[in-house]
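Report on the structure
What follows is each chain in one-letter form.
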Amino acid sequence: MRFIGNIEAKVDAKGRAFLPAAFRKVLQESGEESLVLRKDIFEPCLVLYPESAWNRQLDMLRQKLNRWDGKKQAMFRQFVIDAELITLDSNGRMLIPKRHLKLAEIEQDVRFIGMDDTIEIWSTKNTEQPFINPEDFKQWLEEVMEDGQGHLQ
């Protein structure tokens, strides 16, 4: 399951938004019915996980965070505390809780960005500038894609 796209939409006064049709199609083709929403760890946006992707993320995190270590249990708790189960209505709309809208600085205009197996929801005001300076992006991508011997893979 791969989400690709950069789609603008609106959130209504009640916090409802239509999940873009292209993303709904991917979910339907994958047999996914439930989504999990949480605030991104690094950026002022929300992340929608199909339930299977969320479960993989939790399993991976749980393997690294021993529940009998207080610090690691607190980290796990912090990760899951703001997670919210989201269902789409028959029209493809979802209700985004007000606290999540506030965390992501979302008022009305949003941008849905396909991010491989998740979907990010951004306030359009936070996407007006590039996420990375184009020159830095080029340089960083070259560094990541080098094979260790100065050759691009």
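So, here is what we can say about the structure in this document. In this text, all values refer to a predicted model and were calculated from it rather than measured experimentally.

**As for the packing of aromatic side chains**
Tallied over the entire structure, the rule returns 4 aromatic pairs. Taking the centre distance of 5.1 Å and the plane angle of 70 degrees together, the rings of Y49 and W54 count as edge-to-face. With centroids separated by 5.3 Å and ring planes inclined at 10 degrees, the aromatic side chains of W54 and F79 adopt a geometry described as stacked. Separated by 25 residues along the polypeptide, W54 in helix 2 (residues 51-64) and F79 in helix 3 (residues 70-81) bring together distant segments of the chain. When its relative accessible area of 6% is taken as the criterion, W54 is described as buried. F79 sits in the buried class, given a relative accessible area of 8%. The structure contains a cluster of three or more aromatic residues connected by ring pairs, namely Y49, W54 and F79. Positioned above the aromatic ring of F79 is the side chain of R38, whose terminal nitrogen or guanidinium carbon lies 4.3 Å from the ring centre. Its end group placed over the ring of F76, R62 keeps NZ or CZ at 3.8 Å from the ring centre.

**Observations regarding the side chain of E120**
Looking at the secondary structure, you find E120 in strand 8 (residues 118-123). It is R111 that comes nearest to the buried, bridge-free E120 among opposite-charge side chains, at 9.8 Å. Excluding anything up to four places from it in sequence, E120 contacts D40, C45, L46, V47, R111, F112, I113 and M115.

**Here's the deal with the nonpolar core**
In this structure, L19, L48, M94, I96, I106, F112 and I121 are the most contacted members of the largest nonpolar core, which totals 21 residues. For this core, the elements supplying multiple residues, two or more each, are helix 1 (21-30), strand 3 (34-39), strand 4 (45-50), strand 7 (109-115) and strand 8. Top element by residues in this core is helix 1. It accounts for 3 residues. Residues in contact with I106, not counting those within four places in the same chain, are V11, L46, L101, I121, W122 and S123. Membership of the second largest hydrophobic core comes to 8 residues, among which are V47, Y49, W54 and F76.

**Focus: the packing of helix 2 against helix 3**
For the pair helix 2 and helix 3, the least separation of the axes is 10 Å and the interaxial angle reads 165 degrees. Overall, the two elements helix 2 and helix 3 adopt an arrangement that is roughly antiparallel. Considering only the axes of helix 2 and helix 3, their crossing is right-handed. Here helix 2 contributes W54, Q57, L58, L61, R62 and K64 to the contact with helix 3, which in turn contributes K72, Q73, F76, F79 and V80. Looking at side-chain class alone, the contact of helix 2 with helix 3 contains 6 nonpolar, 2 polar and 3 charged residues.

**Some thoughts on the sheet that holds strand 1 (residues 6-10)**
Within a sheet, adjacent strands bond to each other through the backbone by hydrogen bonds, running parallel or antiparallel. Ordered by their spatial adjacency, 6 strands build an open sheet running 1-7-8-4-3-5, and the pairing between neighbours is antiparallel. Strand pairing shows two members of the sheet lacking a second neighbour, strand 1 and strand 5 (84-87), which therefore form its edges. The mean angle between the axes of side-by-side strands here comes to 30 degrees, regardless of whether they run parallel or antiparallel. Two elements, strand 3 and strand 4, share 5 bridges in a ladder whose sense is antiparallel. Across the sheet, L35 pairs through a bridge with P50, a residue of strand 4. Helix 1 contacts strand 1, strand 3, strand 4, strand 7 and strand 8 of the sheet and is inclined by roughly 40 degrees relative to strand 7.

Rules used throughout
Residues numbered from 1 in each chain as written. Predicted model: local features only at pLDDT ≥ 70, side-chain atom pairs only at ≥ 80, totals over all residues. Heavy atoms only, no water. Phe/Tyr/Trp six-rings, centres within 6.5 Å; stacked < 30°, edge-to-face > 60°. Helix = DSSP H or I, 4+ residues; strand = E, 2+ residues; numbered from the N terminus. Buried < 20%, exposed > 50% of the residue type's maximum accessible area, 1.4 Å probe, protein only. Lys NZ or Arg CZ within 6 Å of the ring centre and 35° of its normal. Lys, Arg positive; Asp, Glu negative; His and termini not counted. Salt bridge = Lys/Arg side-chain N within 4 Å of Asp/Glu carboxyl O. Contact = heavy atoms within 4.5 Å. Core = buried A, V, L, I, M, F, W, Y, C linked by side-chain atoms within 4.5 Å. Axes fitted to C-alpha atoms, helices over the stretch in contact; angles between N-to-C directions. Parallel < 35°, antiparallel > 145°, perpendicular 65-115°, else oblique. Left-handed = near helix turned anticlockwise from the far one by under 90°. Nonpolar A, V, L, I, M, F, W, Y, C, P; charged D, E, K, R; others polar. Pairing = 2+ DSSP bridges.

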